[in-house]
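Chains, contacts and geometry: an overview
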Amino acid sequence: MIINPYSVTAAAPLEKGYFGDHSRRKDGAFLYRVVEIRHPIAAEFVYSGWWFRQTIDISGERVWGQISWLDLKKEAEFTLPESVDPARRPGRMEIDFTRGLRIRRFRIWIADELIYDEVA
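Residues numbered from 1 in each chain as written. Predicted model: local features only at pLDDT ≥ 70, side-chain atom pairs only at ≥ 80, totals over all residues. Heavy atoms only, no water.

A separate point is the sheet that holds strand β2 (residues 23–29). Spatially, the 5 strands line up as an open sheet ordered β2-β3-β4-β5-β6, and their pairing is antiparallel. Looking at which strands have only one partner, the edges of the open sheet turn out to be β2 and β6 (61–67). Each adjacent strand pair in this sheet contributes to an overall mean axis angle of 10 degrees, direction not counted. (Pairing = 2+ DSSP bridges. Helix = DSSP H or I, 4+ residues; strand = E, 2+ residues; numbered from the N terminus. Axes fitted to C-alpha atoms, helices over the stretch in contact; angles between N-to-C directions.)

Here it is in structure tokens:
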């Protein structure tokens, strides 16, 4: 088994904050985040989990959606729109929720590169 020496262990305490050299949180609320991404693409990432529906829009284009009547999805995989990334690289969002369905941790990956990590 190969272990990444730079990865954070699950036992490490999470410090509150927003982490990412090339992205920043523009807005956020209960089940809602807007993140400005500057690298490796220039785009606005919008996640919404309101009204039994989860969606991800990148620069105004819907790249993922899910009806969530019974439970919220904690992971979403999508492909970047061609207008933002001609190579159409894959992306992934991961969310950890508290018991009250508040976002505890919110991460965005593009092509296996962690570009945004928020710990609430």
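On to the packing of aromatic side chains, then. Applying the stated criterion across every chain, the model contains 5 aromatic pairs. Relative to Trp-50, the ring of Phe-30 lies with its centre 5.9 Å away and its plane at 70 degrees, an arrangement referred to as edge-to-face. With a gap of 20 residues between them, Phe-30 in the loop between β2 and β3 (32–37) and Trp-50 in the loop between β4 (43–48) and β5 (53–58) connect regions that are remote in the sequence. Three or more aromatic residues joined by ring pairs make a cluster, and in this case those are Phe-45, Tyr-47, Phe-78, Phe-106 and Tyr-116. When the ring centre of Trp-109 is taken as origin, the NZ or CZ atom of Arg-92, which lies over that ring, is 4.7 Å away. (Phe/Tyr/Trp six-rings, centres within 6.5 Å; stacked < 30°, edge-to-face > 60°. Lys NZ or Arg CZ within 6 Å of the ring centre and 35° of its normal.)

The next subject is the pattern of salt bridges. In the structure shown here, the tally under the stated rule is 10 salt bridges. Across the salt bridge formed by Arg-24 and Glu-36, the nearest N and O atoms sit 2.7 Å from each other. A residue pair is termed long-range when its members are at least 10 positions apart, and Arg-24 in strand β2 and Glu-36 in strand β3 qualify at 12 residues. Accessibility expressed as a relative area gives 41% for Arg-24, which makes it partly exposed. In this structure, Arg-62 and Asp-57 form a salt bridge, with 2.5 Å as the shortest nitrogen-oxygen distance. A relative accessible area of 49% means that Arg-62 is categorised as partly exposed. The buried category is assigned to Asp-57, whose relative accessible area is 17%. (Salt bridge = Lys/Arg side-chain N within 4 Å of Asp/Glu carboxyl O. Buried < 20%, exposed > 50% of the residue type's maximum accessible area, 1.4 Å probe, protein only.)

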